[in-house]
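The chain contents come next:
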Amino acid sequence: MTQHLSEETLRRFTEGHLDERRAAEAAEHIDACPQCAARAVALDPLAPAFAAMPDPELPEGFDAAVLAAVERAEAREAGAVAEVGEAAPASAPAIPQHPSFGLFLTGSGLIAAALVLMVVGGAPTALLWKLAALLRAVWVAAAFVLHCLPASSAPLALGAALALVGSLAALRLIDPRREIA
Amino acid sequence: MDERACIAAAASGDPSARAELLRQHSAPAYRFCLRMLANEEDARDAAQETMIKVLRNLDRYDPAWRFSTWVFGIARNTCIDEHRRRARRRTTSDVELVEPGASPFDLTDRELRAERLHEALQRLAPMYREVLLLYHFEQLKYREIADLLGLPLGTVMNRIFRARQKLREIYEAMEPGGQT
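Residues numbered from 1 in each chain as written. Chains lettered and ligands numbered in written order. Predicted model: local features only at pLDDT ≥ 70, side-chain atom pairs only at ≥ 80, totals over all residues. Heavy atoms only, no water.

1. Remarks on the overall build of chain A
Filter applied, for reference: Helix numbering and strand numbering both begin at the N terminus, where a helix is a DSSP run of H or I of at least 4 residues and a strand a DSSP run of E of at least 2. Summary of the burial criterion: residues with accessible area below 20% of their type's maximum are buried, those above 50% are exposed, and those between are partly exposed, where the area comes from a 1.4 Å probe applied to protein chains only. Throughout, a contact is declared for two residues whenever any of their heavy atoms are within 4.5 Å. Per-residue accessibility takes into account occlusion by the displayed protein chains alone, with areas from the Shrake-Rupley method and a 1.4 Å probe.
Across its full length, chain A carries nine helices and zero strands. Written out in order from the N terminus, the α and β elements of chain A read α-α-α-α-α-α-α-α-α. In chain A, buried positions account for 27% of the 181 residues. In chain A, of all internal contacts separated by at least 6 residues, the share reaching a separation of at least 24 is 58%. A total accessible area of about 11700 Å² is found for chain A, and carbon and sulfur atoms account for 66% of it.

What follows is the structure in structure tokens.
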């Protein structure tokens, strides 16, 4: 600790009349020296008024309200974490469901039957072909929703969309030839 | 339990350590907010928000700071936010926010001076008021105020000198015979 500040230095310091370097030195000294700090405060003409200002009382229940708010916030956070944990447990990542393999087989079987009947010819061919195409359209749409959208896989989505359009064309819901004409 | 151990225990959720931190730091935080905002309700809200932030951010506390200085830093930022909120919802000036004091006939000379100083402080610009509150009432050191406000030491000293000067002018103008 350096020597205490003189009365003159303290007065000039509190009135802001010291140059920057000496003021900084005085401030460093005052920060470290409680006696000089008290003397500096006492030099302020408003010191008695400062001393007379009462300290306001803390409102009743202040600390209890803070603790309750903190506990509520923590409980909310803990609840949010638990909810996230229940929705997607880390040990069991969600696996997209495949559309029914049976539906695929049925659609493919019907298409095969339709092809056979087309060779044989006759009125039932068109009906069977439409039925087969309808099932394929349903299957492709289901595959599109369950696989392509969540994975955001552009090539798969494009392929599924083309297959769907093809199936719909087969159902004569979209007729490219008619549009060209 | 020393302060550092108390902070560590409170950070890990120990209720008695939290209560101890509140016991030590709620009153200064409330006092600072009340003198900055000059409104009991706003001050209570700001001080509670301050202490909630303190308890919920103990893991961010840097021991290079005195803990009380860190708390005042949070209180100051909360008061600034409250000032902004208040400016949006009210059009009255700071002067009008001063609560009416007791009749001068009910007060002793000492109380009158304190009342006048309180009013003079409220008329001071917030940038001057806060340095005086931190220095004179909360006994922060010049260096701590400089760190808290993020200002060079010289700027803080100048601000305190100017704040004292302005406060004295306002105070003297409010004295009987002064030009209020």
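2. Quick look at the packing of helix H6 (residues 109-123) of chain B against helix H9 (residues 153-174) of chain B
Each pair of packed helices gets described by two things: the angle between the helix axes and the distance between those axes. Residue and element names in this part refer to chain B. How we decide: Orientation is described by lines fitted to C-alpha atoms, with helices fitted over the stretch in contact, and by angles between N-to-C directions that extend from 0 to 180 degrees. Working definition: roughly parallel below 35 degrees, roughly antiparallel above 145 degrees, roughly perpendicular at 65 to 115 degrees, and oblique for all remaining angles. What makes a crossing left-handed is the near helix being turned counterclockwise from the far one by less than a right angle; a clockwise turn instead makes it right-handed.
Two numbers describe how H6 lies on H9: the axes approach to 9 Å, and their chain directions differ by 130°. Comparing the axis directions of H6 and H9 gives the class oblique. The two elements H6 and H9 cross, and the hand of that crossing is right-handed. Contacts between H6 and H9 involve Arg113, Arg116, Leu117, Glu119, Ala120, Leu121 and Arg123 from the first element and Leu167, Ile170, Tyr171 and Met174 from the second.

3. Notes on the packing of aromatic side chains
Convention followed: Side-chain rings of Phe, Tyr and Trp, where Trp is taken by its six-membered ring, are said to pair if the distance between their centres is within 6.5 Å; with planes under 30 degrees apart they count as stacked, over 60 as edge-to-face, and otherwise as tilted. Look at NZ for Lys and CZ for Arg. If either is within 6 Å of the ring centre and within 35 degrees of the ring normal, a charge sits over the ring.
Applying the stated criterion across every chain yields a total of nine aromatic pairs over all chains. The structure contains a cluster of three or more aromatic residues connected by ring pairs, namely Phe13 of chain A together with Tyr135, Tyr142 and Phe161 of chain B. Looking at arginine 35 of chain B, its charged tip hangs above the ring of phenylalanine 137 of chain B, at a distance of 4.1 Å from the centre.

4. Details of the side chain of threonine 50 of chain B
On the secondary structure map, threonine 50 of chain B appears in helix H3 (residues 40-56). Exposure remark for threonine 50 of chain B: the relative accessible area of 0% places this residue in the buried category.

5. A few points about the confidence of the model for chain A
As a reminder of what qualifies: In predicted models, pLDDT denotes the confidence assigned by the predictor to each residue on a 0 to 100 scale.
Averaged over chain A, the pLDDT score is 72; the fraction of residues at 70 or greater is 48%. A low-confidence stretch, residues 174-181 of chain A stays under pLDDT 50, and its non-local contacts, those more than four residues away or across chains, total seven contacts.

6. What about helix H8 (residues 142-149) of chain B?
Where burial is concerned, most of H8 of chain B is hidden: six out of the eight residues are buried. All of the buried residues along H8 of chain B are Tyr142, Glu144, Ile145, Ala146, Leu148 and Leu149 of chain B. In this structure, the buried residues of H8 of chain B make contact with helix H1 (7-14) and helix H2 (20-32) of chain A together with helix H4 (67-89), helix H7 (126-137) and H9 of chain B. Directly after H8 of chain B, the chain includes glycine 150 of chain B, whose backbone phi takes a positive value near 70°.

7. A few points about the interface of chain A and chain B
Heads up, the condition is: Summed over both partners, the accessible area lost on bringing two parts together, with a 1.4 Å probe, is the buried area. Any Lys or Arg side-chain nitrogen located within 4 Å of an Asp or Glu carboxyl oxygen qualifies as a salt bridge. For this classification, the nonpolar set comprises Ala, Val, Leu, Ile, Met, Phe, Trp, Tyr, Cys and Pro, the charged set comprises Asp, Glu, Lys and Arg, and every other residue, Gly included, is treated as polar.
Across the contact, 35 residues belong to chain A and 35 residues belong to chain B. In this assembly, chain A packs against chain B so that about 3400 Å² is buried in total across both faces, 70% of it on carbon and sulfur atoms. Put simply, chain A and chain B have six salt bridges between them. For glutamate 28 of chain A, the salt bridge identified is with arginine 143 of chain B, shortest N-O distance 3.0 Å. Of all the secondary-structure elements, those providing two or more residues to the side of chain A that touches chain B are H1, H2, helix H4 (47-52) and helix H5 (62-87) of chain A. Looking at the side of chain A that touches chain B, the element that brings in the most residues is H5 of chain A, giving 10 residues. In terms of residue class, the side of chain A that touches chain B is built from 25 nonpolar, two polar and eight charged.

8. Focus: the environment of tyrosine 142 of chain B
Mapping tyrosine 142 of chain B onto the fold places it in helix H8. Between the alpha carbons of tyrosine 142 of chain B and methionine 157 of chain B there is a distance of 7.1 Å; along the sequence they are 15 residues apart. Not counting the four nearest positions on each side in its chain, tyrosine 142 of chain B is found in contact with Phe13, Ala27, Ile30 and Asp31 of chain A together with Tyr135, Leu153, Val156, Met157, Ile160 and Arg164 of chain B.

9. Re the state of the cysteines
Residue and element names in this part refer to chain A. This is how the line gets drawn: Note on disulfides: each one is a pair of cysteine sulfur atoms within 2.5 Å.
Taken as a whole and judged by the stated rule, the model has zero disulfides over all chains. With no disulfide partner, cysteine 36 has as its closest neighbouring cysteine sulfur the one in cysteine 33, 3.7 Å distant. In this structure cysteine 36 comes out as buried when scored by relative accessible area, which is 0%.

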